[in-house]
Amino acid sequence: MTAYELLKRAAAGDKEAKEQLVKENSGMIYLVVNRFRHRGAEPDDLFQVASIGFLKALERFDVSLGLQFSTYAIPVMMGEVKRYLRDNAPIKVSRSYKELSGKAALLREQLMQKSGQEPTLKELATALNVEPEELAAALCATRPPESLEELRAGSDISLLDTVATGEEMHILDQIAIRELIDSLPEREQKIILLRYIKELTQTQVASMLGISQVQVSRLEKKILQKLKIQLSA
């Protein structure tokens, strides 16, 4: 049975097809779970929640659109996990995490008074003689989930971004971005390819497409905004 036929049967409510697809796509589900691994929730719980999101995506997916299923499923799963973390906060916090978080807060204030600069998570972890991942987990567990998405002062990087190994998140983002680009109209795909893969200027792209540089600029902004919205959904 082809992947298309399996998706079609699952979308029609076939339980066996759904179970098979969950099993075959467990790697993708784990990638979504790993993106939230420092939020204090049990990985098994997050996997179940992400799997529910996967099943919801199966039920809503329109196979006639000709899109890659993962392009649609990944944002749905991420949205499901985000809602779970928001609705179930605060998560149970151990005494050791509370103590470590308190020490980190005190140390942060002391270092800022001395240097006038925001210390990095790695600097705090080194001074406290703990692994950065352990400190991140303690901070995540003792703060509201929404605050973890806020950007650090003077930076476009969030706290979670500073502690993640990056490998799983990079793979997940690559999958999502590649398949989102594949779903774009042909001209929009070409603009992204020429601008960000071949690194041509807007003027060069305009010449190749037979349009003005201003049009390329407007289209590029529109495409990037569309991708950003879909990735963050």
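Residues numbered from 1 in each chain as written. Predicted model: local features only at pLDDT ≥ 70, side-chain atom pairs only at ≥ 80, totals over all residues. Heavy atoms only, no water.

Asker: Just to check I follow, could you spell out the overall build of the chain for this structure?
Answerer: Along the chain, the regular secondary structure elements total 13 helices and zero strands. The linear arrangement of helices and strands in the chain, starting from the amino end, is α-α-α-α-α-α-α-α-α-α-α-α-α. Per-residue burial for the chain yields a buried fraction of 38% across its 233 residues. (Helix = DSSP H or I, 4+ residues; strand = E, 2+ residues; numbered from the N terminus. Buried < 20%, exposed > 50% of the residue type's maximum accessible area, 1.4 Å probe, protein only.)

Asker: Would you explain the pattern of salt bridges in this entry?
Answerer: When the charged atoms of two side chains lie near each other, side chains of opposite charge can form a pair. Throughout the structure, instances matching the rule amount to seven salt bridges. Across the pair E80 and K56 runs a salt bridge whose closest N-O atoms are separated by 3.0 Å. Of the two residues, E80 sits in helix α5 (residues 69-87) while K56 sits in helix α4 (residues 43-60), which places them 24 residues apart along the sequence. Of the residues examined, E80 reaches a relative accessible area of 12% and is grouped as buried. Among the residues examined, K56 registers a relative accessible area of 26% and is labelled partly exposed. E80 is paired through a salt bridge with R83; the nearest N and O atoms lie 2.8 Å apart. Separated by three residues within a single helix, E80 and R83 lie in helix α5, roughly one turn from each other. (Salt bridge = Lys/Arg side-chain N within 4 Å of Asp/Glu carboxyl O.)

Asker: Teacher, can you tell me more about unusual backbone geometry here?
Answerer: What you tend to see is this: most non-glycine residues have negative phi, and most peptide bonds are trans. One non-glycine residue, N129, lies in positive phi territory at about 60°. Following the sequence through the fold, N129 ends up in the loop between α7 (121-128) and α8 (132-141). Judged by relative accessible area, N129 falls into the exposed class, the value being 70%.

Asker: I would appreciate a short explanation of the nonpolar core in the present structure.
Answerer: A general tendency of soluble globular proteins is for nonpolar side chains to be buried together. Ranked by size, the top nonpolar core spans 28 residues in total, and within it F54, F69, M77 and V81 carry the most contacts. Of all elements in the fold, only α1 (3-11), α2 (15-24), α3 (26-34), α4 and α5 reach the threshold of two or more residues within this core. For this core, the leading source of residues is α5, giving eight residues. When sequence neighbours within four positions are dropped, the list of residues in contact with V81 reads V32, F36, L46, V49 and A50. Membership of the second largest hydrophobic core comes to 13 residues, among which are I181, I191, V205 and I223. (Core = buried A, V, L, I, M, F, W, Y, C linked by side-chain atoms within 4.5 Å. Contact = heavy atoms within 4.5 Å.)

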